[in-house]
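Survey of secondary and tertiary structure
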Amino acid sequence: MLRAERGISRKDLAAALGVHYQTVGYLERGEYSPSLFLALKIAEYFEVPVEVIFSLHPFARLGSS
């Protein structure tokens, strides 16, 4: 969601994180759980707390009530 909202391509995000672009797709579809290191790198890239991106429970879209 953050990637799309900010207009960042999967390939650009993957390059910034040092992973294959398909890994980004797997993460977005919930087909892959990242390592703690990768989760922290993603949060750092987007400058948000890791809980904003990853949670054990579903959460509402950003900006919704």
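Up top is the structure.
In what follows, the accompanying structure is described. Keep in mind the model is a prediction, meaning the values are calculated, not measured.

**Quick word on the environment of S9**
Along the chain, the position of S9 falls in the loop between α1 (2-5) and α2 (10-17). Using a relative accessible area of 31% as the deciding quantity, one classes S9 as partly exposed. Separated by 15 residues in the primary sequence, S9 and V24 place their C-alpha atoms 9.7 Å from one another. At a separation of 2.9 Å, a polar atom in the side chain of S9 contacts the main-chain amide nitrogen of D12.

**Details of the packing of α2 against helix α4 (residues 36-46)**
Here α2 crosses α4 at 115 degrees, and the two axes come no closer than 10 Å. When you trace α2 past α4, the crossing you get is right-handed. Along its contact with α2, which presents L13, A16 and L17, the element α4 presents L38, K41, I42, Y45 and F46. Of the residues assigned to the contact of α2 with α4, the class counts are seven nonpolar, no polar and one charged.

**Observations concerning the environment of L38**
Looking at the element boundaries, L38 is found in helix α4. It is 9.1 Å that separates the C-alpha atoms of L38 and V19, two residues lying 19 residues apart in sequence. For L38, the contacting residues outside a window of four places in its chain are L17, V19, L27 and Y32.

Conventions and cut-offs
Residues numbered from 1 in each chain as written. Predicted model: local features only at pLDDT ≥ 70, side-chain atom pairs only at ≥ 80, totals over all residues. Heavy atoms only, no water. Helix = DSSP H or I, 4+ residues; strand = E, 2+ residues; numbered from the N terminus. Buried < 20%, exposed > 50% of the residue type's maximum accessible area, 1.4 Å probe, protein only. Polar contact = N/O pair within 3.5 Å; in protein donor to acceptor, adjacent residues only side chain to side chain. Axes fitted to C-alpha atoms, helices over the stretch in contact; angles between N-to-C directions. Left-handed = near helix turned anticlockwise from the far one by under 90°. Contact = heavy atoms within 4.5 Å. Nonpolar A, V, L, I, M, F, W, Y, C, P; charged D, E, K, R; others polar.

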